[in-house]
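Residue-level structural notes
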Amino acid sequence: MATVCVEVVVGVPAARVWEAVADVGAVHRRLLPGRVADARIEGDTRVLTMPDGAQVRELILATDHDLRRLAYAVVEGQRLPLTYHHASFQVFDHPAGSRLVWLTDVLPHAMAGQVRARVERAIAEIGTALERA
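Residues numbered from 1 in each chain as written. Predicted model: local features only at pLDDT ≥ 70, side-chain atom pairs only at ≥ 80, totals over all residues. Heavy atoms only, no water.

The biggest cluster of nonpolar side chains holds 41 residues, and the ones touching the most others in it are Val21, Leu100 and Trp102. Where this core is concerned, the elements lending two or more residues are strand 1 (2-10), helix 1 (14-22), strand 4 (55-64), strand 5 (69-76), strand 6 (84-94), strand 7 (97-107) and helix 3 (112-132). It is helix 3 that provides the largest number of residues to this core, a total of seven residues. The residues contacting Val21, other than those within four sequence positions of it, are Leu31, Leu70, Phe89, Val91 and Leu100. (Core = buried A, V, L, I, M, F, W, Y, C linked by side-chain atoms within 4.5 Å. Buried < 20%, exposed > 50% of the residue type's maximum accessible area, 1.4 Å probe, protein only. Helix = DSSP H or I, 4+ residues; strand = E, 2+ residues; numbered from the N terminus. Contact = heavy atoms within 4.5 Å.)

If you want it as structure tokens, here you go:
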């Protein structure tokens with residue numbers, strides 16, 4: 001299994017970044033506007049609708065307010081040929097505001113490069129969205 005780790009420093013206090021990350025049903029408004037068209041919660045599952053209408057289902061595994069950590073697994077609608085996709089966000093204090101870390105575990109491990117390219121673009125967009133909010 002490969003682990004992809006990306007991070008961004010955000011000029012926003014960690015408490016505010018965590019508030020946005022933990023608002024799992026609002027990813028389309030707070031973290032990835034434009035990349036995600038809509039999100040809804042069905043029990044422990046977040047259903048993301050992409051601008052082209054495709055849907056991705058993510059099982060929300062943990063929302064830990066003390067650690068400022070959100071963990072999820074993509075269970076349906078994955079566009080890449082992955083057999084396993086587990087990820088987590090964690091928010092840390094930083095002198096410039098906060099540091100947002102996104103860890104993604106994937107199989108097959110040979111897909112790590114493609115996953116890295118996608119999450120690097122996405123975390124940059126998330127940082128921009130958080131700073132604009």
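There's more to say after this.
Here we have seven strands laid out as an open sheet, ordered 1-7-6-5-4-3-2, and antiparallel in their pairing. Here the strands that pair on one side only, and so sit at the sheet edges, are strand 1 and strand 2 (38-42). Pairs of neighbouring strands in the sheet enclose a mean axial angle of 25 degrees, with direction left out of account. As paired elements, strand 1 and strand 7 share nine bridges and run antiparallel to each other. By the bridge assignment, Glu7 is partnered in strand 7 with Val101. In the packing of helix 1 onto the sheet, contacts are made with strand 1, strand 4, strand 5, strand 6 and strand 7, and the angle to strand 6 comes to roughly 155 degrees. On top of the sheet, helix 3 reaches strand 1, strand 6 and strand 7; it is set at about 20 degrees to strand 1, its chief contact. (Pairing = 2+ DSSP bridges. Axes fitted to C-alpha atoms, helices over the stretch in contact; angles between N-to-C directions.)

These results come straight from atomic positions and should not be treated as a statement about function.
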